[in-house]
Amino acid sequence: DAAEAEKIGLVNRVVPQDELKKVTYAFAERLAKGPPIAYGFIKSMVYKSEHLDLLTYLDAEAAAQTICTQTGDAKEGVWAFIEKREAKFKGE
């Protein structure tokens, strides 16, 4: 059941049916405010994981992380954390 799925980590969160739309939209809004470059690499790496052997995948992951750490969004994320504020990502 849903409670067991949440307990074992199969799902992130279980909410009552009447709250589902509100919670889903709030989650989508949070994602929409995230770093688009990093999200793009995450999506790309998920697709690549189906077709690459482990070592090749890990090399691609390391390259993607290296690129992501050089972005303006990465710097913004660090400063937002230090300043205890919400990050404002721009896709830079």
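Each remark here, short or long, concerns the structure printed above.
To start, this report covers the structure provided alongside it. Note on numbering: residues in each chain are counted from 1, in written sequence order. Residues qualify for local features only when their pLDDT is at least 70, as the model is predicted, and side-chain atom pairs are given and counted only at 80 or more; totals for whole chains, interfaces and linings, by contrast, use all residues. Heavy atoms from the whole structure form the basis of all side-chain values; hydrogens and water molecules are not counted.

1. Description of the overall build of the protein chain
Put simply, the test is: Secondary structure elements follow DSSP: runs of H or I of four or more residues count as helices, runs of E of two or more count as strands, with numbering from the N terminus. Here the radius of gyration uses the C-alpha set of atoms, whereas the globule reference equals 2.2 Å times the residue count to the power 0.38. Only protein chains enter the area calculation, which uses a 1.4 Å probe; residues under 20% of their type maximum are buried, those over 50% are exposed, and those in between are partly exposed. Whether two residues are in contact is decided by their heavy atoms, any of which lying within 4.5 Å being enough. His is not counted, nor are the chain ends; Lys and Arg add positive charge and Asp and Glu add negative charge. Charge placement uses NZ in Lys and CZ in Arg. For Asp and Glu, CG and CD serve respectively.
Within the protein chain one finds five helices and zero strands. Counting helices and strands in the order they occur from the N terminus, the protein chain gives α-α-α-α-α. Rg of the C-alpha trace for the protein chain: 17 Å, well past the compact-globule value of 12 Å for 92 residues, more than 25% over. Across its three principal axes, the protein chain shows a C-alpha extent of roughly 40 × 40 × 20 Å. Split into buried and exposed, the 92 residues of the protein chain put 15% on the buried side. Excluding contacts between residues fewer than 6 apart, the proportion of contacts in the protein chain whose partners are at least 24 apart in sequence is 30%. Taken together, the 13 basic and 15 acidic charged side chains of the protein chain have centroids lying 7 Å from each other.

2. What about a nonpolar patch on the surface?
This is how it is decided: Patch members must show over 30% relative accessible area and no salt bridge, and they are joined within 9 Å when carrying like charges or within 5 Å when they are nonpolar side chains of Val, Leu, Ile, Met, Phe, Trp or Tyr. For accessible areas, the Shrake-Rupley method is used with a probe of radius 1.4 Å. Any residue's cover is judged against the shown protein chains and nothing else. For salt bridges, the criterion is a side-chain nitrogen of Lys or Arg within 4 Å of an Asp or Glu carboxyl oxygen.
There is a patch of nonpolar side chains on the surface, built from Phe27, Leu31, Tyr39, Ile42 and Val46 and spanning about 440 Å² of accessible area. Elements with a minimum of two residues in the nonpolar patch: helix H2 (20–32) and helix H3 (36–49). Of all the elements, H3 adds the most residues to the nonpolar patch, at three residues. Locating Val46 in the fold gives a position in helix H3. The exposure class of Val46 is partly exposed, given its relative accessible area of 48%.

3. Notes on unusual backbone geometry
The residue Lys84 is not glycine, and still its phi comes out positive at about 55°. Following the sequence through the fold, Lys84 ends up in the segment after helix H5 (72–82).

4. Some thoughts on helix H4 (residues 54–69)
What counts is decided by this rule: Multiplying one less than the number of residues by 1.5 Å gives the expected span of a helix. Think of it as the arc spanned by the lines of direction from the helix axis to the C-beta atoms. Whenever a nitrogen or oxygen atom comes within 3.5 Å of another N or O atom, the pair is scored as a polar contact, on the condition that within protein one atom can donate a hydrogen and the other can accept it, and that pairs from neighbouring residues in sequence are kept only if both atoms are in side chains.
An ideal rise of 1.5 Å per residue puts 22 Å on 16 residues; H4 measures up with 22 Å between its terminal C-alpha atoms. All buried positions along H4 are accounted for by Tyr57, Ala60, Ala64 and Cys68. For H4, the angular spread of buried residues about the axis comes to 75°, placing them on one side. Among the exposed residues of H4, those pointing more than 90 degrees away from its buried face are Leu55 and Asp59. Elements in contact with the buried residues of H4: H3 and H5. With a side-chain oxygen lying 3.2 Å from the backbone nitrogen of Leu55, the N-terminal cap of H4 falls on Asp53.

5. Details of the side chain of Asp73
Inspection of the secondary structure puts Asp73 in helix H5. Buried within the structure, Asp73 lacks any salt-bridge partner; Lys90 is the closest side chain of opposite charge, at an N-O distance of 7.7 Å. Those residues in contact with Asp73, other than ones at most four positions away along the chain, are Pro35, Pro36, Phe89, Lys90, Gly91 and Glu92.

Spatial relationships are all this shows, so hold off on functional conclusions.
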